[in-house]
Amino acid sequence: MLQVWSMPRCWWRTAQVVCSILWVSMLFPDKSFQDQNQHCDIIPGSMSLPVLEKRGDIILGGLFSLHDMVMEPHLTFTTKPPPTQCTRFNFRTFRWMQTMIFAIEEINRDGKLLPNITLGYKIYDSCSSPHQALKAAMELMGSEDASMPEGRLRGQSICRGTVPAVIGDGGSTQSLVVARFLGVFHVPQVSYFSSCACLSDKKEFPAFLRTMPSDFFQVNALVQLVKHFGWSWVGVIAGDDAYGRGGANIFVNEVRQLGACVALHEIIPKNRARKAISSIISNIRSSGARVILVFAVEQDAAALFDEALREGLDGIQWLASEAWSTAAVLSTPKKYRAILQGSMGFAIHRVHIPGLQDFLLRLHPSSPDASEDPFLIPFWEEVFQCSLGERNVKLPCTGAEDLRTVANIYSDVSQLRISYNVYKAVYAIVYALRSLGGCEDGKGPFALQACPDTHSIQPWQLLHYIKQVEYFNSFGDEITFDKNGDPAAMYDLVNWQLKPSGGIQFVTIGKFDVTVGDRRQKLQIQSEDIVWNGNQTQVPLSVCSKVCPPGTRKAIRPNFPICCYDCVVCTAGEISNQSDAIECVRCLPEFWSNGERTACIPKQMEFLSFSDTMGITLMAISLIGSLCTCAVFVVFSFHRTTPVVRANNSELSVLLLFSLTLCFLCSLTFIGRPSEWSCMLRRTAFGITFVLCISCILGKTIVVLMAFKASLPGSRVMKWFGPTQQKAIISLCTLVQVLICTAWLIMAPPTPRQLIPRESAVVILLCDEGSPVAFGLVLGYIGLLACLCLLLAFLARKLPDNFNEARFITFSMLIFCAVWVAFVPAYISSPGKYSTVTEVFAILASSYGLLGCIFAPKCYLILFKPEKNTRKHVMSRMDRF
């Protein structure tokens, strides 16, 4: 094998010729080879196959699959094989054959294209079988009585009597076999229905041309259709032949490049076994695909739909390949209407051929030339279900039968699509013959500018002219072939719609034209004219996963195709404002996603406001504390002459009450939207008022302690701690804090600041300390005074109970220090506005501690124990001491 593949091209061509001769010897074992010196009889003819022929100056060959099946005989290899029997007569293909005869007779009758030349034909039935098609092609090549001049046997010549061109075959599988055989001899073959893209390979099929566009263009149109309607989950079912497998494979590759996915890819077996097709139906159900492309010939498609009907498969939008997109065998029977209504597919351009219908209806077994037509009798018997012979299986024909009285696929000329291809194929060859005959000597296309011999036309010469064909026919269509032998592709998009009478009609709803320059304009669809499966007007949805709405993103499912995904809601702070978003987009730091995750909106400003619950609560507590302080002042004012009030230094008590009121009220400056003035006020007011308060308590503690010392005999210490000195101590301590706050405001004042956390939906508004050192000094100074006051009060705790308040000051200072020691870690760890809440709570808690521990016992004694509010009771313990 390696040696064969490495042979030079000319040797390889010779090997192909030898293989073809061996095929002949196997197919016709009764034929003996003659001497090679005789003219071309090395490929003997055989009249074992029925043939419809008409003599002429130039004979065109024809291959048509007039039957759909071949009954293969049992071979014993001991006797001569019996003749092949073909079954299931195909009316549509018979119409195609008659169209070829019509075109030839039209050309002969007109006489303008080929003056003084009469065309003849030789037509064989290939029976939809590659084997039978090859036998027919060999008979066309081996004809001994064809009216072709005798040719010489040489490298690329053909045998005497061979037809110069062949029209056919229809199926791609048959054409593959015939094209390989005819390509060896460069006999031009023009197919009217073979669309397999593989036939465009000119290295393998050098003599093959066609008037049927390649499946490559059909698949391109189908892919554009899938893209247009947004189907991303499509099933593909193909016939088990070159047409089905080739087209389906191209479609699968193109769809995947488009970004869509193939839900299933199944093959209809050629034996159409019910079990295998039932498995295909089950796979369709389990796939979830709503749109299924059936890339198969009409016989395979019918087997699939029969099983779909048996198993009750419905709700599928079927896409038809060109082979069955207008097939009457599927559109005519009522049983298919329920599942195929709304089907859609591409069909080649159709025309109305004048005079063809009358030509088709002229046939009758009693006509003079009927005896020479071997295909008329089986056609007639199939149409009228009668017998023209002596067989008793059917009733004998009466002779009164008339084709005009029946309506069937054969006589229906409303969908002349493939028939038009046959018509164009005949005319393409005729135009090539015309160009060949019009060659001027010395201007020929061959060696030494030679022209072909019109009296001995060689097929390889005719092939050259067929490739150069370019003309506009009577229907306004341009007929030409590209370098691959393919015509310009133009399709009609047809929709299977129900007529009011209940039948199926093919409504053209668009077209696909590859000759249009703009790729986006090649496919044109009138969407408003489409009726979908189930008589719906809304485009069916065929997706593995539904479209992810805005606000979500696609998350690919593991071990599933890319079209299968889950819709995941964007995380907080991210959005997607389009459907089927691949990923969510994070908002800018100042923005946050809305509830639907579809847009970024400005973040909410978070601060301790007067309107929220926490702010209202703290404001109420602050005002209550201020009122309580005022109430204590009122009580002290009304009882200012009583011993308890006078014994506790009423002036310092009033000043302390005033400072406590300011402490309660300064907490209000921490509530509300931070501003430059509020930030400066809250820090300085807090620092100064609390220093004033602690200074007053310090003064009272010193007075209590010094009063005890002064009561000792000979002590004159009180003269150093009189009212003036007490005021000086308070003023001096407060002045230090005022100087610290003033320096703070001048050098680095507190300012409002926005804290923008990435993972939060709010912008935190707070007051920046400006100078952490200054803030630390303010707190540290307050703590220093508090500690000094606590120390002095602790030293004076054992003085007579009824005279001094050192014990209550000790308790108040313990509470004060405990609150502010706990404040530091709580303040640092509290997020957002809760740090401000912590600070306000510390202010209020310490203020209430001071108010309650120092003044609550006195108020209780004044209001509820007036009998103890006497000089005697106050001084009693002193006397005992």
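Small disclaimer: the values here were computed from a predicted structure and weren't measured. (Residues numbered from 1 in each chain as written. Predicted model: local features only at pLDDT ≥ 70, side-chain atom pairs only at ≥ 80, totals over all residues. Heavy atoms only, no water.)

1. A word on a nonpolar patch on the surface
Point 1. Together, Phe633, Val634, Phe638 and Val654 make up a nonpolar patch on the protein surface, roughly 370 Å² of accessible area in all.
Point 2. By the secondary structure assignment, Phe633 is in helix α16 (residues 613–638). (Patch = residues over 30% accessible without salt bridge, like charges linked within 9 Å, V, L, I, M, F, W, Y side chains within 5 Å. Areas by Shrake-Rupley, 256 points an atom, 1.4 Å probe, with all protein chains shown as cover. Salt bridge = Lys/Arg side-chain N within 4 Å of Asp/Glu carboxyl O. Helix = DSSP H or I, 4+ residues; strand = E, 2+ residues; numbered from the N terminus.)

2. Focus: the nonpolar core
Point 1. Ranked by size, the top nonpolar core spans 111 residues in total, and within it Met100, Phe251 and Phe379 carry the most contacts.
Point 2. Tallying contributions element by element places helix α14 (residues 418–437) first for this core, with 13 residues.
Point 3. When near neighbours in sequence (up to four residues on either side) are disregarded, Phe379 contacts Phe89, Phe91, Phe94, Leu363, Leu403 and Tyr410.
Point 4. Ala685, Phe775, Cys789 and Leu844 belong to the second largest nonpolar core, which has 64 residues in total. (Core = buried A, V, L, I, M, F, W, Y, C linked by side-chain atoms within 4.5 Å. Buried < 20%, exposed > 50% of the residue type's maximum accessible area, 1.4 Å probe, protein only. Contact = heavy atoms within 4.5 Å.)

3. Observations regarding the sheet that holds strand β26 (residues 751–755)
Point 1. Strand order in the open sheet formed by three strands is β25-β27-β26, and the pairing between neighbours is mixed. In this open sheet, the two strands that pair with only one neighbour each are β25 (604–606) and β26. Mean inter-strand twist for the sheet, computed between neighbouring axes without regard to direction, equals 30°.
Point 2. Relative to strand β27 (residues 762–768), β26 is paired through five bridges, and the arrangement is antiparallel. (Pairing = 2+ DSSP bridges. Axes fitted to C-alpha atoms, helices over the stretch in contact; angles between N-to-C directions.)

4. Quick look at the state of the cysteines
Point 1. Scanning the entire structure with this criterion turns up ten disulfides.
Point 2. Bridging Cys439 to Cys451, the disulfide has an S-S length of 1.9 Å. Its S-S torsion of approximately -70° makes the covalent link between Cys439 and Cys451 left-handed. Residue Cys439 is found in the loop between α14 and α15 (459–467), and its partner Cys451 is found in the loop between α14 and α15; the two are separated by twelve residues along the sequence.
Point 3. With no disulfide of its own, Cys859 has Cys628 as its nearest cysteine by sulfur position, at a separation of 9.9 Å.
Point 4. On the basis of relative accessibility, which here comes to 11%, the residue Cys859 falls in the buried class. (Disulfide = S-S within 2.5 Å.)

5. Re the packing of helix α8 (residues 274–287) against helix α9 (residues 298–310)
Point 1. Where α8 meets α9, the closest approach of the two axes is 9 Å, and the angle between their N-to-C directions is 70°. In terms of axis orientation, α8 runs roughly perpendicular to α9. The hand of the α8/α9 crossing is right-handed. Seen from α8, the contacting residues are Arg274, Ile277, Ser278, Ile280 and Ile281; seen from α9, they are Ala303, Leu304, Glu307, Ala308 and Arg310.
Point 2. Per-class residue counts for the contact of α8 with α9 are six nonpolar, one polar and three charged. (Parallel < 35°, antiparallel > 145°, perpendicular 65-115°, else oblique. Left-handed = near helix turned anticlockwise from the far one by under 90°. Nonpolar A, V, L, I, M, F, W, Y, C, P; charged D, E, K, R; others polar.)

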